[in-house]
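Each chain, letter by letter, is given below.
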Amino acid sequence: MTDVVRYERRGPVALVTMDRPKYRNAQNSAMTYALDAAFTRAVDDEEVSVIVLAGAGDHFSAGHDIGTPERDAHRSFQRRAVLWWDHVDKSGGDGRYSREIEVYLGMCRRWREIPKPTVAMVQGACIAGGLMLAWVCDLIVAADDAFFADPVVRMGIPGVEYFAHPWVLGPRAAKEVLFTGERFDARRAYEWGMVNRVVPRDRLEEETVALAGRIAGMPRFGLALTKRAVNQAEDLMGLRAGMDSAFGLHHFAHAHNAETSADPLGGMDARAMRREGRRD
Ligand code: ZN
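Residues numbered from 1 in each chain as written. Predicted model: local features only at pLDDT ≥ 70, side-chain atom pairs only at ≥ 80, totals over all residues. Heavy atoms only, no water.

Chemist: Tell me about the overall build of the protein, and name the residues and values.
Modeler: A tally of regular secondary structure across the protein gives ten helices and nine strands. Computed over C-alpha atoms, the radius of gyration of the protein comes to 18 Å, within 12% of the 19 Å expected from 2.2 N^0.38 for 280 residues, which places it in the range of a compact globule. For the protein, the spread of C-alpha atoms along the principal axes amounts to about 55 × 40 × 40 Å. For the protein, the residues scored as buried account for 50% of the 280 residues in total. When contacts within the protein are restricted to residue pairs at least 6 apart in sequence, long-range pairs at least 24 apart make up 71% of them. Accessible surface, the protein as shown: approximately 13,200 Å² in total, 53% of it carbon and sulfur. Charged side chains in the protein number 37 positive and 39 negative. The centres of these two groups are separated by 0 Å. (Helix = DSSP H or I, 4+ residues; strand = E, 2+ residues; numbered from the N terminus. Rg over C-alpha atoms; globule rule 2.2 N^0.38 Å. Buried < 20%, exposed > 50% of the residue type's maximum accessible area, 1.4 Å probe, protein only. Contact = heavy atoms within 4.5 Å. Areas by Shrake-Rupley, 256 points an atom, 1.4 Å probe, with all protein chains shown as cover. Lys, Arg positive; Asp, Glu negative; His and termini not counted. Charge placed at Lys NZ, Arg CZ, Asp CG, Glu CD.)

Here's what the structure looks like:
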């Protein structure tokens with residue numbers, strides 16, 4: 001396991017922690033594949049019943065890595081999420097689609113299907129790609145200092161790759177969040193039903209691990225079947241098909257940006273996104 005993700009077991013609970021606090025746990029591919037390895041280990045570990053996903057430091061995750069020195073979008077990794085060719089050395093939409101269907105959409109879908117219950121433990125920033133990670137978890141416990149946003153419409157792109165917004169927020173709130181790109185706090189996320197509970201920051205870990213521990217007392221196979229039943233219900237409510245359709249629009253937007261401006265992100269980098277965000 002690389003050092004960008006930590007793995008720890010506390011009784012029946014596995015704690016998987018993103019560990020790039022210097023970059024607010026921005027997700028490069030090294031982190032994505034380290035997360036996948038940690039989740040696989042937790043699934044295989046007979047002693048583990050519930051998995052908690054956490055972020056080291058003051059923030060859960062600032063999103064995908066679009067600007068740190070360890071950005072590794074052009075590196076090749078052993079693909080695990082979908083059967084598709086490698087993105088490296090492919091041009092234009094071919095390369096972009098190959099990478100995102102594996103590293104972003106594919107990995108998130110793969111993690112949503114983890115047969116053991118997963119709980120996201122969220123403090124501070126949970127932005128864009130950070131939302132994707134929280135959303136694939138079954139439950140979300142948020143600290144009272146947590147804040148959320150999907151600002152990628154500023155890049156001219158209709159939301160992050162794992163387009164769960166209408167299902168986890170409701171259509172009206174989803175439009176507000178996307179149209180404004182503004183932050184919403186843990187209290188609003190709770191009112192919209194996006195998070196299960198909001199706890200004081202200094203009690204976040206204790207409350208989350210305690211909740212995970214209570215779930216761990218339930219029969220393992222019963223939990224796995226129940227998770228599947230609810231996920232299937234969400235898919236019957238259109239989640240999977242809706243996400244496929246949004247993924248096409250997402251890639252149309254990347255291609256439009258590449259065709260008309262500096263790059264597929266519409267000339268925006270992490271710094272520009274933050275600058276725009278401060279104008280809210
Ligand atoms: Zn994308």
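Back to the text.
Chemist: Any chance you could break down the side chain of Asp 72 for me, citing the residues and the numbers?
Modeler: Residue position: Asp 72 is located in the loop between β3 (50-55) and α2 (92-112). Arg 75 provides the closest opposite charge to the buried, unpaired Asp 72, separated from it by 4.1 Å. (Salt bridge = Lys/Arg side-chain N within 4 Å of Asp/Glu carboxyl O.)

Chemist: So what's going on with the coordination of the zinc ion? Which residues, and what values?
Modeler: At this site the zinc ion is bound by Glu 100 (OE), Glu 100 (OE), Glu 161 (OE), His 250 (NE2) and His 254 (NE2), with donor distances of 2.1 to 2.3 Å. Read from N- to C-terminus, the donor residues coordinating the zinc ion fall into the pattern E-x60-E-x88-H-x3-H. On the criterion of sequence distance, the pair formed by Glu 161 in the loop between β7 (147-149) and α4 (165-169) and His 250 in helix α9 (residues 239-260) is long-range, its members being 89 residues apart. A single burial state applies to Glu 161 and to His 250, both of which are buried. (Donors = N, O, S within 2.8 Å, 3.2 Å for Na, K, Ca; no water.)

Chemist: Quick one: what's the story with the packing of α2 against α9, residue by residue and with numbers?
Modeler: α9 packs onto α2 with a crossing angle of 155° between their chain directions and a minimal axis gap of 12 Å. Overall, the two elements α2 and α9 adopt an arrangement that is roughly antiparallel. Crossing hand, α2 versus α9: right-handed. Residues Arg 96, Tyr 97, Glu 100, Ile 101, Leu 105, Arg 109 and Arg 112 of α2 touch α9, and the partners they reach there are Leu 239, Arg 240, Met 243, Asp 244, Phe 247, His 250, His 251, His 254, Ala 255 and Ala 258. Broken down by class, the residue content of the contact of α2 with α9 amounts to eight nonpolar, three polar and six charged. (Axes fitted to C-alpha atoms, helices over the stretch in contact; angles between N-to-C directions. Parallel < 35°, antiparallel > 145°, perpendicular 65-115°, else oblique. Left-handed = near helix turned anticlockwise from the far one by under 90°. Nonpolar A, V, L, I, M, F, W, Y, C, P; charged D, E, K, R; others polar.)

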